[in-house]
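# Descriptive analysis of the structure
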Amino acid sequence: MKRIQRILIEVSAVLLSLIIFGIPFLFVLLTSFKDKMEAGEMSMSIPQTLHIAENYLTVLQTKHGMIIRGFYNSALITFFSLAIMIIVCSMAAFVLQRRKGKPVTIINLVFMLGLMMPPAIVPTIWVLSGLGLFKTLIGIILVEVALFTPFSIMVYKGYIATIPKELDEAALMDGCGRMKFFVNIIFPLLKPVTSTVIILVSVNIFNDFVNPLYFFPGAKNVTVQTSIYNFMGQYASSWNLVFADVVLITIPPLILFLIFNKKIIGGMTSGAVKG
């Protein structure tokens, strides 16, 4: 009886997921295959005539390849933001997890506040302008790093708590330096949680709209999400082209998820035993 109940629950969960996520994506995909008039009907019907190549080539060529430039900028922002966060946050989390004392408690509290407090737009623009980093790639990368550092440190800390402290003591007694110990022993053990950080943070940064809009404005600084904003201004009534743009933007995060999805849950739950 319990087995039947479990199967029913699992089947219901799968069907619910398909309804919530599958149907909207299917609607977007089908609409991107239609012509302008048929797409304007906003129906789930199968296209009478396919306009796949026409629609997608129009999107790729709009404003001298704006979406391609958006992919390039978003890829750079995502890659360098992740690289900085993985290095800095893993080291910071290891120190904060292993050391005790009032200063560490205060630092942990500051990072927890970073999870709850929203970013201040105007002061951040003022700081970036003062540093000469406003409207620059370095500036937006630093903004993304600052916003996702508290979350990344929290995830790393939970996982590092499961690594026995005896491993630290044994390595130090063998004469292994702290940096060498972290790089050669601890960091390789963090692969599951690093995969989790990569997929969760990269999807958020790649899909970020607000921060590039405020801190990285300009036609040459377009990202994939701001490209939709600019694209809809020109093709507001051409839903077939708008949805074709959405499909193209969805592909990279989807591929990344398919690559790392098996490690996401493992990385998130491994740190749930100890904290």
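Residues numbered from 1 in each chain as written. Predicted model: local features only at pLDDT ≥ 70, side-chain atom pairs only at ≥ 80, totals over all residues. Heavy atoms only, no water.

This brings us to the overall build of the chain. Of the regular secondary structure elements, the chain holds 13 helices and zero strands. Taken from the N to the C terminus, the helices and strands of the chain come in the order α-α-α-α-α-α-α-α-α-α-α-α-α. Dimensions of the chain, computed from C-alpha atoms along their principal axes, come out at roughly 75 × 65 × 30 Å. Taking as baseline every contact in the chain between residues at least 6 positions apart, the subset at least 24 positions apart corresponds to 74%. Summing over all exposed atoms, the chain offers an accessible surface of approximately 16,200 Å²; the carbon and sulfur share of this is 72%. (Helix = DSSP H or I, 4+ residues; strand = E, 2+ residues; numbered from the N terminus. Contact = heavy atoms within 4.5 Å. Areas by Shrake-Rupley, 256 points an atom, 1.4 Å probe, with all protein chains shown as cover.)

Moving on to the packing of helix 4 (residues 66-98) against helix 7 (residues 137-160). If you want to describe how two helices pack, look at the angle between their axes and the distance between the axes. With their axes 7 Å apart at the nearest point, helix 4 and helix 7 run at an angle of 40° to one another. Overall, the two elements helix 4 and helix 7 adopt an arrangement that is oblique. The hand of the helix 4/helix 7 crossing is right-handed. Considered class by class, the residues forming the contact of helix 4 with helix 7 number 19 nonpolar, six polar and three charged. (Axes fitted to C-alpha atoms, helices over the stretch in contact; angles between N-to-C directions. Parallel < 35°, antiparallel > 145°, perpendicular 65-115°, else oblique. Left-handed = near helix turned anticlockwise from the far one by under 90°. Nonpolar A, V, L, I, M, F, W, Y, C, P; charged D, E, K, R; others polar.)

In total, this model carries eight aromatic pairs according to the counting rule given. Plain terms: the ring middles of Phe94 and Phe182 are 5.6 Å apart, the flat faces sit at 55° to each other, and that makes the pair tilted. Taken as a pair, Phe94 in helix 4 and Phe182 in helix 9 (residues 178-189) lie far apart in primary sequence, 88 residues in all. You can call Phe94 buried: its relative accessible area is 12%. A network of ring pairs unites the aromatic residues Phe94, Phe181, Phe182 and Phe187 as a single cluster. (Phe/Tyr/Trp six-rings, centres within 6.5 Å; stacked < 30°, edge-to-face > 60°. Buried < 20%, exposed > 50% of the residue type's maximum accessible area, 1.4 Å probe, protein only.)

A cluster of nonpolar side chains, Leu16, Ile19, Ile20, Phe21, Ile23, Leu26 and Met44, forms an exposed patch at the surface whose accessible area comes to about 690 Å². The topology assignment puts Leu26 in helix 1 (residues 2-32). (Patch = residues over 30% accessible without salt bridge, like charges linked within 9 Å, V, L, I, M, F, W, Y side chains within 5 Å. Salt bridge = Lys/Arg side-chain N within 4 Å of Asp/Glu carboxyl O.)

What follows deals with the nonpolar core. The biggest cluster of nonpolar side chains holds 35 residues, and the ones touching the most others in it are Met85, Tyr156, Ile186, Leu190 and Val201. For this core, the secondary-structure elements that each account for two or more residues are helix 4, helix 7, helix 9 and helix 10 (191-206). Beyond its immediate chain neighbours, meaning those up to four positions away, Val201 contacts Leu82, Met85, Phe148, Phe151 and Ser152. Judged by nonpolar contacts, the second largest core, of 19 residues, contains Phe27, Val59, Phe206 and Phe243. (Core = buried A, V, L, I, M, F, W, Y, C linked by side-chain atoms within 4.5 Å.)

Feature annotation in UniProt assigns "transmembrane region" (unreviewed entry) to the following positions: residues 7-30, 75-96, 108-131, 137-160, 181-206 and 239-260. Within residues 7-30, the helical portion is 100% and the strand portion 0%, while the C-alpha atoms at the span's ends are 32 Å from each other. Across residues 181-206, helical content stands at 96% and strand content at 0%; the span's end C-alpha atoms are separated by 33 Å. (UniProt positions renumbered as here; feature names shortened; annotations may be inferred.)

This brings us to the side chain of Asp208. Looking at where Asp208 falls in the secondary structure, it is placed in the loop between helix 10 and helix 11 (210-215). Among the polar contacts listed, one links the side chain of Asp208 to the side chain of Asn211, at a separation of 2.6 Å. Leaving out residues up to four positions away in the same chain, Asp208 has contacts with Glu144, Thr223 and Gln225. (Polar contact = N/O pair within 3.5 Å; in protein donor to acceptor, adjacent residues only side chain to side chain.)

To continue, consider helix 1. For helix 1, with 31 residues, the first-to-last C-alpha span of 44 Å sits near the 45 Å given by 1.5 Å per residue. Along its length, helix 1 shows its largest kink, about 35°, at Gly22, and proline Pro24 lies within four residues downstream of that point. (Expected span 1.5 Å × (residues − 1). Bend = angle between axes of the 7 residues up to and from the residue.)

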